[in-house]
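Read off the chains here:
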Amino acid sequence: MIEPRPDLVIDARNLEPPEPFVRTMEALDGIGSSGKLLLLLTREPHPLYRALEINGFAWQTDRKPDGLVEILIWRKPQ
């Protein structure tokens, strides 16, 4: 798993679009300015990356050999 430890984990591996996008954006609305969210998927969510950029978030993507995609998301410092 990506370090540092997230405050919230969303396992969206079995969800169909747009559910991972919707759940992630809703969760980020409720996370504090120093909170971190870990999103687990089976593919990279390119539309989500654009929405994160527009809304002031940064992220780190880690692709695992088994196909798991881990995305750690946090709010950019102001």
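In what follows, the structure referred to is the one given above.
1. Details of the pattern of salt bridges
Alright, step 1. Under the defined criterion, the tally for this structure stands at five salt bridges.
Alright, step 2. In this structure, arginine 13 engages aspartate 11 in a salt bridge whose closest nitrogen and oxygen atoms are separated by 2.6 Å.
Alright, step 3. By relative accessible area, which is 36% here, arginine 13 ends up partly exposed.
Alright, step 4. Residue classification places aspartate 11 among the partly exposed residues on the basis of a relative accessible area of 40%.
Alright, step 5. Measuring nitrogen to oxygen at the nearest pair gives 3.0 Å for the salt bridge that ties glutamate 53 to lysine 76. Of this pair, glutamate 53 sits in helix 2 (residues 46-54) while lysine 76 sits in the segment after strand 4 (69-75), and the two are 23 residues apart along the sequence.
Alright, step 6. We classify lysine 76 as partly exposed; its relative accessible area is 32%.

Analysis parameters
- Residues numbered from 1 in each chain as written.
- Predicted model: local features only at pLDDT ≥ 70, side-chain atom pairs only at ≥ 80, totals over all residues.
- Heavy atoms only, no water.
- Salt bridge = Lys/Arg side-chain N within 4 Å of Asp/Glu carboxyl O.
- Buried < 20%, exposed > 50% of the residue type's maximum accessible area, 1.4 Å probe, protein only.
- Helix = DSSP H or I, 4+ residues; strand = E, 2+ residues; numbered from the N terminus.

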